[in-house]
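# Residue-level structural notes
Each chain is listed here by its residues.
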Amino acid sequence: YMNRPDILVERMGLGSPDLSAHLKQQYLKRLRKSGLREDDSPLDFHLPVAAIQSFVQDKKYATITFTLGDSQYPIRGYNIFINDVPLYGFTGKSVDGKSSAVIKEKLELTSGQNKIEVSCTNARGTESNRALT
């Protein structure tokens, strides 16, 4: 929200109107990619919550059960990080717009100690703090 070079260029009297229009289009493109709208307030965000309920390891596999929730906005998706590497890529795994969910996943672990984290993102694009085990 706060990355607005088009406003800076206009206020400083730099560049042309075409440059300013181009920068604004880039800003709007970033918003669309993140699932946000221009009229959304940058200061009106709510942090969703991810919490690990159980973690059971069986040799190189583990089963993790966790909850996701947000009291104001639907949950858009979640991700699991194994040793800081996202299991479901940059965008994560989607959740069908629920305000809460209980999820159980089976993971394959690497040898040695593993750091497992879970986070979720709400419909406004805000990511929760990562729950760690």
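Structure first, text after, so check above.
Read on for a plain summary of the structure. Every chain is numbered on its own, with residues counted from 1 as its sequence reads. Totals for whole chains, interfaces and linings use all residues, but because this is a predicted model, local features are given only for residues with pLDDT of at least 70 and pairs of side-chain atoms are given and counted only at 80 or more. The basis for every side-chain value is the complete set of non-hydrogen atoms in the structure, without hydrogens or water.

## Focus: the pattern of salt bridges
When a carboxyl oxygen of Asp or Glu lies within 4 Å of a side-chain nitrogen of Lys or Arg, that pair is called a salt bridge. This model, assessed by the stated rule, comprises five salt bridges. The partner of K60 in a salt bridge is E108, and the shortest N-O contact between them spans 3.0 Å. Pair noted here: K60 is in the loop between β1 (49-58) and β2 (61-69) and E108 is in strand β6 (residues 100-108), with a separation of 48 residues, a long-range link. Buried, partly exposed and exposed residues are distinguished by accessible area as a fraction of the type maximum, computed with a 1.4 Å probe on protein chains only: under 20%, between the cut-offs, and over 50%, respectively. Using a relative accessible area of 47% as the deciding quantity, one classes E108 as partly exposed. Runs of H or I in DSSP of at least four residues are treated as helices and runs of E of at least two as strands, each being numbered from the N terminus.

## Here's the deal with unusual backbone geometry
Here K59, not a glycine, exhibits a phi torsion of approximately 60°, which is positive. Unlike most non-glycine residues, D84 shows phi in positive territory, near 70°. Within the secondary structure layout, D84 lies in the loop between β3 (75-82) and β4 (85-86). With a relative accessible area of 46%, D84 lands in the partly exposed category.

## A short note on the nonpolar core
Residues F66, L68, Y78 and I80 are the most contacted members of the largest nonpolar core, which totals 17 residues. When checking whether two residues touch, look at their non-hydrogen atoms; a contact exists if any pair is within 4.5 Å. Residues within four places of L68 in sequence aside, it is in contact with V49, A50, I75, Y78, V95, S99, S100, A101, I103, V118 and C120. We define a nonpolar core as any set of buried Ala, Val, Leu, Ile, Met, Phe, Trp, Tyr and Cys residues linked to one another through side-chain atoms lying within 4.5 Å.

## Some words on the pairing of β1
Where β1 meets β2, nine bridges bridge the pair, whose relative direction is antiparallel. Within β2, the position partnered with V49 by the bridge is G69. A strand pair is defined by DSSP finding two or more bridges across the two strands. Where β1 folds back onto β2 in an antiparallel hairpin, the turn is made up of two residues, including K59, whose phi is positive at roughly 60°.

## Focus on helix α2 (residues 17-33)
Take the number of residues in a helix, subtract one, and multiply by 1.5 Å to get its expected span. With 17 residues, α2 ought to run about 24 Å at 1.5 Å a step, and its terminal C-alpha atoms sit 24 Å apart, in line with that. Within α2, burial applies to S20, L23, Y27, L28 and L31. End-on view of α2: buried residues confined to an arc of 140°, all on one side of the axis. Among the exposed residues of α2, those oriented more than 90 degrees off its buried face are D18, R32 and K33. Against the buried residues of α2 lie α1 (5-12). Starting at the helix axis, one direction is taken to each C-beta atom, and the arc is that of these directions.

## Structural notes on the sheet that holds β1
Reading across the sheet, the three strands line up as β1-β2-β6 and stay open at both edges, with antiparallel pairing between neighbours. Strands with a single pairing partner mark the edges of an open sheet, and in this sheet they are β1 and β6. The sheet shows a mean angle of 15° between the axes of neighbouring strands, taken without regard to direction. Fitted lines through C-alpha atoms give the axes, limited to the stretch in contact for helices. The angle between two N-to-C directions lies from 0 to 180 degrees.

## Remarks on the pairing of strand β7 (residues 116-122)
Buried residues dominate β7, accounting for seven of its seven residues. Along β7, one buried face is formed by I116, V118, C120 and N122 and the opposite face, lined by E117, S119 and T121, is buried too. Bridging between β3 and β7 involves seven bridges; their strand directions are antiparallel. Bridging across to β7, I75 finds its partner in N122. Pairing between β7 and strand β8 (residues 131-132): two bridges, direction antiparallel. Bridge assignment links E117 to a residue of β8, and that residue is L132.

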